[in-house]
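Summary of structural features
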Amino acid sequence: AMAAQGVPNVTRCKDLLPFCVNQMNLARIACPVTCGCDNPTSNLALSQSMDGCPSACASTDWHQSTLRALPCTEKSASQMRQDPVWKAYASQISARIYRVMDRYKLLLPELCSAGGGDCEEMFLALGCGVVPYYKETVLKMSGNLYDPCEGNFMGEALMTRPLSILC
């Protein structure tokens, strides 16, 4: 099955590491720890059970103590643009936005206008400022209030690891 999806010669979880952050859930299902499902500071934004990560990964003592140990600081947008974890989040979340919004492509330029219509650039340009921008823009466009700090970008259609970990 894995070879059919372009993943040749998988014998160990570390062989799947390059596939953990893409839209393919199979790597996260097969190797959740290797993929970072249990690590709130990993570069894996798509860490919900619907993304292949077991919900138990977020319930471990280690996961919770790691969250408690995070500093209460926020990097500037220019620092975030250089941060490899933020860049991974931007890529993963924008790819999911494009997939979820496929039938509503005409709305993307407005939704991601802070990035010139490019959702990944919106994340990179705004850094943590994406949180209030996204909340206000989606509320204005749809009347729905979603909170990216909680990982809620579009209700059940688009849940991610909470941005509050980084912002």
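Residues numbered from 1 in each chain as written. Predicted model: local features only at pLDDT ≥ 70, side-chain atom pairs only at ≥ 80, totals over all residues. Heavy atoms only, no water.

Re the pattern of salt bridges
Quick reminder of the rule: By definition, a salt bridge exists where a carboxyl oxygen of Asp or Glu is found within 4 Å of a side-chain nitrogen of Lys or Arg. Helix and strand labels come from DSSP, where a helix needs a run of H or I of at least four residues and a strand needs a run of E of at least two; each type is numbered from the N terminus. Exposure categories follow from relative accessible area, calculated using a 1.4 Å probe and restricted to protein chains: below 20% of the type maximum is buried, above 50% is exposed, and the middle band is partly exposed.
Taken as a whole and judged by the stated rule, the model has six salt bridges. In this structure, the salt-bridge partner of Asp-51 is Arg-96, at a minimum N-O distance of 2.8 Å. You can see Asp-51 sitting in the loop between helix H2 (32–35) and helix H3 (61–69) and its partner Arg-96 sitting in helix H5 (residues 84–100), a full 45 residues away along the chain. Accessibility expressed as a relative area gives 0% for Asp-51, which makes it buried.

A word on the packing of aromatic side chains
Formally: To pair, rings of Phe, Tyr and Trp, with the six-membered ring standing in for Trp, must have centres within 6.5 Å; the planes then decide the type, stacked if under 30 degrees apart, edge-to-face if over 60, and tilted in the middle.
Per the stated rule, a full pass over the model turns up three aromatic pairs. Geometrically, the ring pair formed by Trp-86 and Phe-123 is tilted, given 6.0 Å between the ring centres and 55° between the ring planes. With Trp-86 in helix H5 and Phe-123 in helix H7 (residues 119–126), the pair connects residues that are 37 residues apart, well separated along the chain. On the basis of relative accessibility, which here comes to 0%, the residue Phe-123 falls in the buried class. Plain terms: the ring middles of Phe-123 and Phe-153 are 6.0 Å apart, the flat faces sit at 45° to each other, and that makes the pair tilted. Taken together, the residues span a long stretch of sequence, with Phe-123 in helix H7 and Phe-153 in the segment after helix H8 (130–142) at a distance of 30 residues. Taken individually, Phe-123 and Phe-153 each receive the classification buried, so the pair is uniform in this respect. An aromatic cluster of three or more residues is present, and its members are Trp-86, Phe-123, Tyr-134 and Phe-153.

Side note on the layout of surface pockets
Convention followed: Grid points spaced at 1 Å and placed over the protein atoms alone form the basis of the search, with a cavity being a set where a 1.4 Å probe fits but cannot get out and a pocket an open set showing protein on both sides within 12 Å along at least five of seven lines. Lining residues have an atom within 4 Å of a point. Grid points are joined across faces, edges and corners, and a volume is the space filled by probe spheres set on the points. Ten residue types, Ala, Val, Leu, Ile, Met, Phe, Trp, Tyr, Cys and Pro, are classed as nonpolar, four, Asp, Glu, Lys and Arg, as charged, and the remainder, Gly among them, as polar.
As a volume, the largest pocket reaches approximately 220 Å³. Along its surface, the largest pocket is lined by Thr-41, Leu-70, Pro-71, Thr-73, Glu-74, Lys-75, Met-80, Asp-83, Val-85, Ile-165 and Leu-166. Here the lining of the largest pocket is built from residues that sort into six nonpolar, two polar and three charged. When its volume is computed, the second largest pocket comes out at roughly 170 Å³. Lining the second largest pocket are 15 residues, with Ser-47, Gln-48, Ala-58, His-63 and Arg-161 positioned closest to its centre. Across the lining of the second largest pocket, the residue classes tally to nine nonpolar, five polar and one charged.

As for the nonpolar core
To be explicit about the condition: Residues grouped as a nonpolar core are buried Ala, Val, Leu, Ile, Met, Phe, Trp, Tyr and Cys residues, joined through side-chain atoms within 4.5 Å. We call two residues in contact whenever any of their non-hydrogen atoms come within 4.5 Å of each other.
Core analysis: the biggest nonpolar cluster contains 29 residues, and Trp-86, Ile-93, Ile-97, Leu-111, Phe-123, Tyr-134 and Leu-163 have the highest contact counts within it. Listed by contribution, the elements that provide at least two residues to this core are H5, helix H6 (108–111), H7 and H8. Here the element with the most residues in this core is H5; it accounts for six residues. Contact partners of Leu-111, with chain neighbours within four places excluded, come to Ile-97, Met-122, Tyr-133, Tyr-134, Thr-137, Val-138, Met-141 and Met-154. Listed in part, the six residues of the second largest apolar core include Leu-16, Met-24, Cys-31 and Cys-35.

A few points about the confidence of the model for the protein chain
The cut-off we apply is this: Confidence scores here are pLDDT values: one per residue, from the predictor, ranging 0 to 100.
Mean pLDDT over the protein chain works out to 89, with 95% of the residues at or above the 70 mark. Here H3 is the element of the protein chain with the lowest mean pLDDT, 87, and H7 is the one with the highest, 96.

What about the state of the cysteines?
Any covalent bond linking the sulfur atoms of two cysteines counts as a disulfide. This is how the line gets drawn: When two cysteine sulfur atoms lie within 2.5 Å, the pair is treated as a disulfide.
Evaluated as defined, the whole model comprises five disulfides. Linked covalently through their sulfurs, Cys-20 and Cys-35 form a disulfide whose S-S length is 2.0 Å. Its S-S torsion of approximately -65° makes the covalent link between Cys-20 and Cys-35 left-handed. Placement of the pair is Cys-20 in the segment before helix H1 (25–30) and Cys-35 in helix H2, with a sequence separation of 15 residues. The same class applies to Cys-20 and to Cys-35, which are both buried. For the protein chain, the bonded cysteines pair up as 1-3, 2-4, 5-6, 7-8, 9-10 when numbered in the order they occur along the sequence. Not part of a disulfide, Cys-72 finds its nearest cysteine sulfur in Cys-128, a span of 11 Å.

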